[in-house]
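Residue-level structure breakdown
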Amino acid sequence: MKINKMLSNNKNHYAGVNKCKYITIHETGNENKGANALNHAKYINNGSSATWHYTVDDVQVIQHFNDRVQCWHSGEGKGDGNLNSIGIKGDGNLNSIGIEMCINSDGNMNKTIDNTIELIQYLMNKYNIPINNVVQHNHWSGKNCPANIRSGKPITWNTFIDKIKNKPIENNILYKVQVGAFSKKDNAIKLSNELKKLGYDNFIVTQNK
């Protein structure tokens with residue numbers, strides 16, 4: 001996976017060292033056409049108050065800050081190791097890597113999700129981050145983010161996590177294997193019988209040429 005680095009000089013972050021214990025998933029909240037990763041990189045470079053490490057769209061991943069930078073993306077402040085108002089310790093800004101997924105209307109959200117999952121898997125392996133530490137923005141501050149996935153669009157959070165774990169996703173798709181097509185019925189029956197002898201259930205379908 002190629003990560004395009006556009007490291008920013010935006011100073012809206014803390015001065016400490018991010019221990020990279022968590023990965024925090026966000027959505028940009030911007031459905032406008034063209035609100036892709038590149039334009040969010042420009043937004044950060046123009047001095048946005050919020051900062052995060054990566055933005056992902058359907059064609060690329062852009063890195064804005066070194067992973068060890070303590071960006072301002074989780075909404076729970078600097079934290080002091082004590083529980084915040086929703087019972088969570090303040091590790092979101094201090095010790096998590098922030099990833100924003102683009103939801104621009106002219107993008108492909110499913111592809112954006114696939115690219116995000118590939119990035120997450122890379123970061124998990126790089127920093128030995130367990131799957132339980134891949135969390136929503138909501139985990140830190142209670143904000144409804146990532147809003148679409150939290151509402152099941154286009155996939156649920158549980159499915160998102162299963163995809164990260166490479167767990168097969170149940171669906172209603174049936175995949176068929178065709179092993180032959182014959183103009184003579186006798187040849188079709190012969191192959192069908194041979195397959196049955198080998199233990200393969202099969203049936204013959206008749207269709208017009």
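Structure report, in brief. Worth saying up front: this structure is predicted, and the values here are computed from it rather than measured.

Topic: the sheet that holds strand 1 (residues 3-5)
As summarised here, the arrangement of the six strands in space is 1-5-4-7-3-8, forming an open sheet in which the pairing is mixed. Every other strand in the sheet has two partners, leaving strand 1 and strand 8 (134-136) as the edge strands with one partner each. For this sheet, the mean angle separating the axes of adjacent strands, direction not counted, is 25°. Summarising the sheet, strand 3 (residues 22-27) and strand 7 (residues 96-101) pair through six bridges and their orientation is parallel. The partner of Ile25 across the bridge, within strand 7, is Ile99. Along the sheet face, helix 3 (residues 109-127) touches strand 1, strand 3, strand 4 (54-56), strand 5 (61-63), strand 7 and strand 8 and points at about 165° away from the line of strand 7. The sheet contacts of helix 6 (residues 157-164) involve strand 3, strand 7 and strand 8, and relative to strand 8 the element is tilted by about 160°.

Observations regarding the side chain of His26
Secondary-structure assignment places His26 in strand 3. Relative accessible area serves as the criterion here: at 1%, His26 is assigned to the buried category. Polar side-chain contacts of His26 include one of 2.9 Å to the side chain of His73. Look past the residues within four positions of His26 in its chain and what remains in contact with it is His73, Ser74, Gly98, Ile99, Glu100, Met101, His137, Cys145 and Pro146.

Comments concerning the nonpolar core
By size, the foremost hydrophobic cluster in this structure holds 26 residues, and its most contacted members are Ile23, Ile25, Ile99, Ile120 and Phe160. The element contributing the most residues to this core is helix 3, with eight residues. In terms of nonpolar packing, the next biggest core, distinct from the first, is built from five residues, Trp52, Phe65, Val69 and Cys71 among them.

What counts, and at which threshold
- Residues numbered from 1 in each chain as written.
- Predicted model: local features only at pLDDT ≥ 70, side-chain atom pairs only at ≥ 80, totals over all residues.
- Heavy atoms only, no water.
- Pairing = 2+ DSSP bridges.
- Helix = DSSP H or I, 4+ residues; strand = E, 2+ residues; numbered from the N terminus.
- Axes fitted to C-alpha atoms, helices over the stretch in contact; angles between N-to-C directions.
- Contact = heavy atoms within 4.5 Å.
- Buried < 20%, exposed > 50% of the residue type's maximum accessible area, 1.4 Å probe, protein only.
- Polar contact = N/O pair within 3.5 Å; in protein donor to acceptor, adjacent residues only side chain to side chain.
- Core = buried A, V, L, I, M, F, W, Y, C linked by side-chain atoms within 4.5 Å.

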